[in-house]
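Spelled out from the first residue to the last, the chains are:
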Amino acid sequence: METTNNYDCSHIAMTYTGLASLLILGDDLRRVNKHACLEGIKALQLPDGSFKSSYDGSENDMRFIYCACCVCTMLDDFSAINQATATNFIMKSLCHDGAFGQGPGHESHGGSTYCACASLQLMGRLTTTLSPKQLKRLEYWCISRQRNGFNGRPHKDDDTCYSFWVGASLKILGIFDLVDFKENENFVLSTQDIIVGGFAKWPQINPDALHSYMGVCGLALMSLHSLQPVDPTLNISERARLHMQTLHEQWAVARKHKEAVSRVRTKSGGSTLDRTHAGTVALAFAIGLGSVIIPWVFKAYFSKS
Amino acid sequence: MHGRLKVKTTAEQAEEKRKHREKKLKLFQGAKAAAFKKITAKEYDREGLHITQEILTANSDYYTIWNYRKNTFLHYKSTKSTEELLESFQAELSFIQNCLKNNPKSYSCWNHRCFVLLTMPEPDWKKELQLCNLFLQYDERNFHCWDYRRFVVQHSAVLPGDEINFTHKLIENNFSNYSSWHHRSKLLPIQCPDLNDPNRIGEKMLLEELELVQNAFFTDPNDQSAWFYHRWLLGRGETKQSITCLHVSKPDSRLTCTLRKRVSLAQCSSMKVYVNGQQQNVTWTGVDDQKYQHACIASLLKSNSLWDTTRCQLSLHPR
């Protein structure tokens, strides 16, 4: 495989989106160096539990914890990250209003709240880490983001992308049915460009790829317009997530087979490979010896005549 | 471009725009190639700073290029005199400020500024606070700026009390300044902790805050900031722990205890059980897998003399 620039180091968000893109495209991840990928993620975790984005250095916050959790989920291996310290960092980022900021002390925000909820859910720790009271406060904050569409913080304007960030958080929390679907849909559609298509953050603004994707996902959460269902934790379609699940099942089978083979070897008190190897050597020797002796016998016998 | 209002142009204007963009792109790509030559060769010098400055002026989110500048300054730290170093860092701070004027929400810019402040000799934290004041004037909800302000406060000698006064001024100007209320929520427990419990706020301060927030929502009942803050304040009051119910089941040899405040299982283990004056060896379990529980259960030995008597005394001693 061709290498990219040798003076660029990887970026955790690109690792996440790269793997997600491969799954969306139906790839079997055979060409991904999973071990290297996970080691790379491991190297980005800081003592406080958060992650930086690249080895050379960057800010560290909730976004990159989310990326790390997604990579581990997609590669079906959480051993590379310290879940306890990551959970600790997430909980330290809980604010006075019940939602999550980017880090301890930071103001609560729809984006970081999504990253926190999804990370906890992916680690299987959402309901065991947050108390019922904390969950209720979080639900209240999230559902309060809806005016028509959703905003990312109180007293900010509605923005298309929060129909996904907050919508998906509500899905994860199990209260998405409390959303006013009509108002949400109307807002997202109002940001659609009627000439070139695509969605923008606000009405009458140029559309862009990010808000187009988020707008589509925001509508997909409501199962509207015949859109494919979207998985709220990994932020990929259900179809892609099922493909990932199939891969995980295949990997599990392959692992079990490998373990069984290794158990057979150690059980028979000598490697079956060694015995096979010895047999092969014996056969080769016999053939070699035969190829010398047999012509000599013929020569000796027939030369007498 | 993201966030720009659509504007109609003539075909001529469009063509001019296209040519201008192409020229800009060529310059940018040229600078990028030159910068990566420097990065590969690990050449950290003035020329490198000049090239990367051009790139970052056009695109201040280019973190790889910011990291080159970071490495250059780290190199300078081991090669230049303190005077030269200070001059270079001051110039860097001016440059970052210009980038921030165009892109006040750039993670990379604010992060690089943190690096400069932590690396330079004699950082001027007062000046940084003034920078925060300036950027909060542009946008009082810019959380990058608020986060940077918290970073400055943490590293400098700014007292929590002074910061609380600062938020007070902002709140008085605009009750709906959610970010100010949030900042206040982080400072109060530091400034006025309850002497008995550092997670709580002292009674006097609590009552003053309640008055402030009530003024806020009387002024504007639709303002969410005040209501969220009010709810948080109510939770800062002290609740005394007590046993609300203790149930003894003889057939099951089981004690069930419900408490007013949730406890963790670790805290439960400090609860001692005495039957007729004799301490019992019990293990408390929760009712589900939640970390904090309102109720906990303990099993008692079946052979316990408790079961032979019709009257017994149970005392629970929580720590």
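Residues numbered from 1 in each chain as written. Chains lettered and ligands numbered in written order. Predicted model: local features only at pLDDT ≥ 70, side-chain atom pairs only at ≥ 80, totals over all residues. Heavy atoms only, no water.

**Focus: the overall build of chain B**
Stated formally: The helix and strand labels rest on DSSP assignments: H or I over at least four residues marks a helix, E over at least two residues marks a strand, and numbering proceeds from the N terminus. We compute the radius of gyration from the C-alpha atoms alone; for a globule the expected value is 2.2 Å times N to the 0.38, where N is the number of residues. Working definition: with a 1.4 Å probe on protein chains only, accessible area under 20% of the residue-type maximum means buried, over 50% means exposed, and in between means partly exposed. Only heavy atoms enter the contact rule, under which two residues are in contact if any of them lie within 4.5 Å. Reported accessibility uses the Shrake-Rupley method at a 1.4 Å probe radius. Residues are deemed covered only where the shown protein chains occlude them. For the purpose of counting charges, residues Lys and Arg are taken to be positive, whereas Asp and Glu are taken to be negative. His and the chain ends are not included. Taken as the charge centre is NZ of Lys, CZ of Arg, CG of Asp or CD of Glu, depending on the residue.
Each helix and strand in chain B was counted, giving twelve helices and seven strands. For a compact globule of 319 residues, the expected C-alpha radius of gyration is about 20 Å, and chain B comes in at 31 Å, more than 25% above that figure. Reported as C-alpha extents along the three principal axes, the dimensions of chain B are approximately 100 × 55 × 50 Å. A total of 319 residues make up chain B; the buried ones form 42% of that total. The long-range share in chain B, meaning contacts at least 24 apart out of those at least 6 apart in sequence, stands at 57%. Surface exposure of chain B reaches about 19000 Å², of which carbon and sulfur atoms provide 51%. Mean positive and mean negative side-chain charge positions of chain B (45 and 35 charges, respectively) differ by 5 Å.

**Thoughts on the overall build of chain A**
The helix and strand inventory of chain A stands at twelve helices and four strands. Of all intrachain contacts in chain A linking residues separated by at least 6 positions in sequence, the fraction that spans at least 24 positions is 60%. Just so you have it, chain A exposes about 15400 Å², and 59% of that area is on carbon and sulfur atoms.

**Focus on the domain arrangement of chain B**
Stated formally: Per the annotation, domain bounds derive from an automatic or database assignment of domains.
Its domain assignment divides chain B into domain 1 (20–234) and domain 2 (243–300 + 310–315). Of note, the centres of domain 1 of chain B and domain 2 of chain B, computed from C-alpha atoms alone, are 50 Å apart.

**Some details on unusual backbone geometry**
All names here are of chain A. Of note, the phi angle at H155 is positive, near 65°, even though the residue is not glycine. Using a relative accessible area of 31% as the deciding quantity, one classes H155 as partly exposed. One non-glycine residue, S226, lies in positive phi territory at about 55°. Following the sequence through the fold, S226 ends up in the loop between α10 (209–221) and β3 (230–231).

**Re the interface of chain B and chain A**
So the rule is basically this: In this description, buried area is defined as the sum, over both parts, of the accessible area (probe of 1.4 Å) that is lost when the two are combined. In the sections that follow, a salt bridge refers to a side-chain nitrogen of Lys or Arg positioned within 4 Å of a carboxyl oxygen of Asp or Glu. Polar contact is the term for a pair of N or O atoms within 3.5 Å; when the atoms are in protein, one must be able to donate a hydrogen and the other to accept it, and sequence-neighboring residues count only if both atoms are side-chain atoms. Note on residue classes: Ala, Val, Leu, Ile, Met, Phe, Trp, Tyr, Cys and Pro are nonpolar, Asp, Glu, Lys and Arg are charged, and everything else, Gly too, is polar.
Across the contact, 38 residues belong to chain B and 41 residues belong to chain A. For the pair chain B and chain A, the summed buried area comes to about 3800 Å², and 52% of that belongs to carbon and sulfur atoms. In this assembly, chain B and chain A are joined by one salt bridge. Ionic pairing is found between R141 of chain B and E107 of chain A, a salt bridge with its closest N-O pair at 2.9 Å. For the pair chain B and chain A, the interface holds 18 residue pairs in polar contact (both at pLDDT 80 or more). Every element with two or more residues in the side of chain B that touches chain A is listed here: α1 (11–41), α3 (63–79), α5 (107–119), α7 (143–155), α9 (178–191) and α11 (224–235) of chain B. In terms of residue count, α11 of chain B provides more of the side of chain B that touches chain A than any other element does, six residues in total. Of the residues that constitute the side of chain B that touches chain A, the class distribution is eleven nonpolar, 14 polar and 13 charged.

**Describing the packing of helix α9 (residues 181–190) of chain A against α10 of chain A**
Residues and elements named next belong to chain A. The cut-off we apply is this: Between the N-to-C directions of two axes lies an angle of 0 to 180 degrees, each axis being a line fitted to C-alpha atoms and, for a helix, fitted only over the stretch in contact. Orientation categories follow fixed angle ranges, with anything under 35 degrees roughly parallel, anything over 145 roughly antiparallel, 65 to 115 roughly perpendicular, and all other angles oblique. Each crossing is labelled by how the near helix is turned from the far one, with a counterclockwise turn of less than a right angle marking it left-handed and a clockwise turn marking it right-handed.
Interaxial distance between α9 and α10 falls to 10 Å at its minimum, and their mutual angle equals 160°. Compared by their axis directions, α9 and α10 come out roughly antiparallel. Note that α9 runs across α10; the crossing there is left-handed. Here α9 contributes N184, E185, V188 and L189 to the contact with α10, which in turn contributes G215, G218 and L219.

**Focus: the packing of aromatic side chains**
Residue and element names in this part refer to chain B. Worth spelling out the cut-off: Aromatic rings from Phe, Tyr and Trp, taking only the six-membered ring of Trp, are treated as a pair when their centres fall within 6.5 Å; an angle between ring planes under 30 degrees marks them as stacked, one over 60 as edge-to-face, and anything in between as tilted. Only Lys NZ and Arg CZ are tested; either one counts as a charge over a ring when it is within 6 Å of the ring centre and within 35 degrees of the ring normal.
Considering all chains together, one arrives at 23 aromatic pairs over all chains under this definition. For the pair Y178 and F228, a centre-to-centre distance of 6.1 Å together with 75° between the ring planes defines the contact as edge-to-face. In this pair, Y178 sits in helix α9 while F228 sits in helix α11, placing the two residues 50 residues apart along the sequence. An aromatic cluster is built from W110, W125, F135, Y138, Y148 and F151, whose rings are joined through pairwise contacts. One residue, K80, lies across the ring of Y76, its end atom 4.1 Å from the ring centre.

**Thoughts on the nonpolar core**
Where we set the bar: Throughout, nonpolar core names a set of buried Ala, Val, Leu, Ile, Met, Phe, Trp, Tyr and Cys residues whose side chains join them through atoms within 4.5 Å.
Ranked by internal contacts, the top residues of the largest apolar core, which has 78 residues, are F51, M74 and Y114 of chain A. When residues in this core are grouped by element, the largest group, eleven residues, is from helix α3 (residues 62–74) of chain A. Formed by 43 residues, the second largest nonpolar core is a distinct cluster that contains Y68, C99, L117 and W146 of chain B.

**Section: the pairing of strand β3 (residues 272–275) of chain B**
Residue and element names in this part refer to chain B. Operational definition: For two strands to pair, DSSP has to find at least two bridges joining them.
Here β3 shows one buried face, formed by V273 and V275, and one open face, formed by K272 and Y274. Note: β3 against strand β4 (residues 278–280), three bridges, orientation antiparallel. For V273, the partnering residue across the bridge sits in β4 and is Q280. Where β3 folds back on β4, the antiparallel hairpin that results is connected by two residues, among which N276 adopts a positive phi of roughly 50°.

**Here we look at the side chain of S106 of chain B**
Relative to the helices and strands, S106 of chain B resides in the loop between α4 (82–102) and α5. Note on S106 of chain B: relative accessible area 1%, which makes it buried.

**Notes on the packing of α4 of chain B against α5 of chain B**
Between two packed helices, both the angle of their axes relative to each other and the distance between the axes serve to describe the pair. Residues and elements named next belong to chain B. At a minimum axis separation of 10 Å, α4 and α5 run at an interaxial angle of 160°. As judged from the angle between their axes, α4 and α5 are roughly antiparallel. Considering how the two elements wind past one another, α4 and α5 form a crossing that is left-handed. Facing α4, whose interface residues are F89, E92, L93, I96, Q97, C99 and L100, α5 presents C109, W110, H112, R113, V116, L117 and T119. Tallied by class, the residues present in the contact of α4 with α5 amount to nine nonpolar, three polar and two charged.

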